[in-house]
Amino acid sequence: MTSPPAVPVTLAEIARLAGVGRAAVSNWRRRHDTFPPRIGGTDVSPHFSLTDIEKWLRENRKLGEATSREWLWPRFEALGDRNETGLAIAAAGRLLAAAASDGGEPDDAGSGPVRAAVELGRREGSSDILTFLLRRWLDTHVRQITTTPEQLADLMADLALRVRESAVGEDPVTVLDPACGAGHLLAAAATAVPAALNRPAALLGCDRDPVLTALTDVRLALLPRPGASAPASVVAPGDSLRADPLIGTQADMVLCNPPSNERDWGYEDLATDARWAHGMPPRTEPELAWVQHCLARLRPGGSAVLLLPPTVAARKAGRRIRGSLLRTGALRAVVALPPGSAAPHSVSLHLWVLLRPAAGANPSGPAEVLLADAAARFPRSAARENGPEWGELGAFVRSVVDRATGGGAVGVAGVGSAAEGADPTAWSTLVPVIDLLDDEVDLTPGRHIRSAPGHTGPRLADSWKEVGELLDDLRAETARLSALDLTSGMADQPNATVGELARAGALTLRSGRHPAEAVTPEPRCERIPFLTLSDLLLDGSPGGWAHPDDAVVVESGDVVVVGVSREFSAWVHEGPPMAVGPQIHALRVDPDVLDHWFLAGSLKAPANARHAGTHASSSSRIDMRRLQVRRLALADQQRYSAAFRNLAAFERLAERLGTVAKGLGRELCDELAAGHLV
């Protein structure tokens with residue numbers, strides 16, 4: 001009988017299993033002749049047999065405290081491509097759900113990773129194991145699959161509950177997601193509905209990717225559902241627009257994060273479809289097709305919340321449909337979210353809140369629609385990798401929606417409905433529908449909201465206060481730097497290059513690289529910020545997240561050097577650990593020989609860039625090993641270190657002052673142009 005194929009693992013995965021860094025694994029590989037040989041991959045990214053690695057780690061007493069889950073994931077990943085791995089996780093989920101329901105072990109668990117997952121689920125919890133496998137799968141294929149962040153999914157479910165007008169009863173609340181993906185919105189509704197209404201949720205989902213529907217189905221089956229009367233979920237594969245497998249369904253709530261910017265959505269085939277009550281969507285407006293599909297699947301009094309690109313609110317081709325949505329009262333609110341709330345993270349996405357009027361309601365709908373600009377209320381900070389503060393953002397959005405709809409009695413338990421410390425009326429407005437029905441029907445919130453002087457005043461006062469503090473600090477640093485005596489010194493001291501210092505052991509030089517694993521655009525389990533040259537050109541903040549065992553990591557006290565002439569710089573890293581990409585270098589000094597501030601300041605000198613620059617390619621780069629540092633005793637280095645620290649502080653203060661001054665100038669310009677000067 002042939003033995004099963006070997007399960008390959010990378011150096012990063014071995015490090016994770018052993019509970020050490022990737023450098024330690026590379027060191028074991030060099031020092032120990034008994035380390036298993038590679039079975040595939042490349043010299044840069046080798047693959048090893050999981051069985052051989054486990055045996056070697058046990059024999060050498062290097063098996064870390066990695067959980068059994070960490071040993072489980074490589075066996076799933078080795079099954080093949082995205083679809084094979086996803087379907088295997090779904091198969092394991094079905095068996096885990098069966099085991100969780102009857103308490104026994106299914107007879108048809110088979111062998112391999114599926115059986116291992118079932119056995120581990122009996123010990124550690126079926127839902128936890130499926131959640132772990134699903135998260136790892138989504139992390140691995142993050143560039144292929146768009147998901148809705150859990151905090152945003154919770155907010156969307158809560159908003160739909162707050163605006164719905166369905167009668168209160170004991171029947172299950174039907175929740176539909178016609179483009180359910182991995183099931184984040186349905187999972188949020190499964191928790192929100194019972195918490196708000198003390199009624200179970202009947203969950204319905206559909207997606208044209210059968211792998212995602214299989215995963216969503218088992219995910220919902222393993223969710224803890226309050227109450228014994230919760231109906232089973234129904235998740236079906238299919239294209240909701242072209243051939244809806246749930247046709248005829250009427251839901252109390254619809255939550256949807258539909259695919260965007262798709263031209264081939266069925267324009268030619270659906271010209272006479274009955275769902276287009278507000279007009280045939282143009283070929284370039286697939287999102288408005290999804291809006292009308294969601295409305296068509298609502299019961300009277302039901303609500304829908306969709307996450308849409310900001311262009312849907314203003315594109316000329318969709319103005320007729322937007323106008324009809326306003327005139328009939330179907331569209332109740334448009335909320336602009338801060339960039340970073342969901343993918344794509346550079347865009348301020350919009351939440352559209354819709355309502356199908358209840359029977360007997362005024363056919364003309366309400367006279368006003370809510371427009372809220374949370375992007376202006378919560379401007380993106382320099383630390384853009386942190387994303388929005390969901391507690392404050394959620395409270396603000398709930399507050400303005402409650403104010404517009406007169407709601408607030410229904411919501412997720414424990415969540416407030418007011419944005420603490422801020423008046424929501426400063427960033428939201430109720431606009432008469434008649435004022436929006438012009439030639440453009442532009443629903444972009446930022447174009448209709450103007451802050452009143454009373455709201456802008458405190459913010460301007462805070463900015464002026466910060467300007468004053470920055471000027472005081474800048475004067476203090478100016479006094480220190482201008483007092484330096486630069487007429488004499490130690491200019492005759494010999495120089496040492498970075499290469500010479502590295503060979504002498506005074507420092508360790510590591511060059512950044514792109515991780516083998518996918519870089520995620522949002523924080524996930526065990527990820528650290530990932531800084532690339534593109535991020536430095538943009539705003540200097542890390543733009544992604546990488547696994548620390550699969551990247552070059554800079555820690556506090558390390559010196560970071562950018563090796564490209566146009567962005568050449570050096571500084572001492574003072575924050576939490578951060579991974580760096582190509583053309584960014586990390587230097588770690590021996591503190592008994594080198595002072596890191598002295599090293600960073602010396603390397604940053606423009607003369608160094610001229611000396612070590614190379615033009616071997618179309619872009620001018622820096623030869624790191626040719627950068628020079630003067631040979632000084634440690635005590636003398638520390639004298640220069642203090643001056644370099646003051647210089648770095650001076651530059652930071654000046655940069656921050658420029659940023660605050662620009663923001664203050666924009667605020668003042670808006671106020672003066674609006675005629676608010678007394």
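Residues numbered from 1 in each chain as written. Predicted model: local features only at pLDDT ≥ 70, side-chain atom pairs only at ≥ 80, totals over all residues. Heavy atoms only, no water.

**Some remarks on the environment of Ile145**
With respect to the helices and strands, the residue Ile145 is situated in the loop between helix H7 (126–140) and helix H8 (150–163). A residue is classified by how much of its surface remains accessible, and Ile145, at 8% relative accessible area, is buried. Between the C-alpha atoms of Ile145 and Leu212, which are 67 residues apart in sequence, the distance is 9.3 Å. Setting aside its immediate chain neighbours within four residues, Ile145 contacts Arg82, Trp137, Leu138 and Leu212. (Helix = DSSP H or I, 4+ residues; strand = E, 2+ residues; numbered from the N terminus. Buried < 20%, exposed > 50% of the residue type's maximum accessible area, 1.4 Å probe, protein only. Contact = heavy atoms within 4.5 Å.)

**What to know about the sheet that holds strand E21 (residues 584–589)**
Taken together, the four strands give an open sheet; going across it, the order is E14-E21-E18-E19, and neighbouring strands pair in antiparallel fashion. A strand with exactly one partner marks an edge of an open sheet, and here the two such strands are strand E14 (507–511) and strand E19 (569–572). Within the sheet, the average angular offset between the axes of one strand and its neighbour, ignoring direction, is 20°. In this structure, E14 lies alongside E21, joined through five bridges in antiparallel fashion. What sits directly across from Leu507, in E21, is Val589. Where helix H19 (residues 596–603) meets the sheet, its contacts fall on E14, strand E18 (559–562), E19 and E21, and the angle it forms with E19 comes to roughly 170°. (Pairing = 2+ DSSP bridges. Axes fitted to C-alpha atoms, helices over the stretch in contact; angles between N-to-C directions.)

**Here we look at the packing of helix H1 (residues 11–18) against helix H2 (residues 22–31)**
H2 packs onto H1 with a crossing angle of 105° between their chain directions and a minimal axis gap of 8 Å. As summarised for this structure, H1 and H2 are arranged roughly perpendicular, according to the angle between their axes. Note on element contacts: H2 touches H1 through Arg22, Val25, Ser26 and Trp28, opposite Leu11, Ala12, Ile14, Ala15 and Ala18. Grouping the amino acids of the contact of H1 with H2 by side-chain chemistry returns seven nonpolar, one polar and one charged. (Parallel < 35°, antiparallel > 145°, perpendicular 65-115°, else oblique. Nonpolar A, V, L, I, M, F, W, Y, C, P; charged D, E, K, R; others polar.)

**As for the pattern of salt bridges**
Within the structure shown, the criterion is met by 26 salt bridges. Here Asp244 ties to Arg297 by a salt bridge, and the two come within 3.0 Å at their closest N and O atoms. Here the residue Asp244 occupies a position in the loop between strand E6 (234–237) and strand E7 (251–256), and Arg297 occupies one in the loop between helix H11 (286–296) and strand E8 (298–308), the gap between them amounting to 53 residues. Both residues of the pair, Asp244 and Arg297, count as buried. (Salt bridge = Lys/Arg side-chain N within 4 Å of Asp/Glu carboxyl O.)

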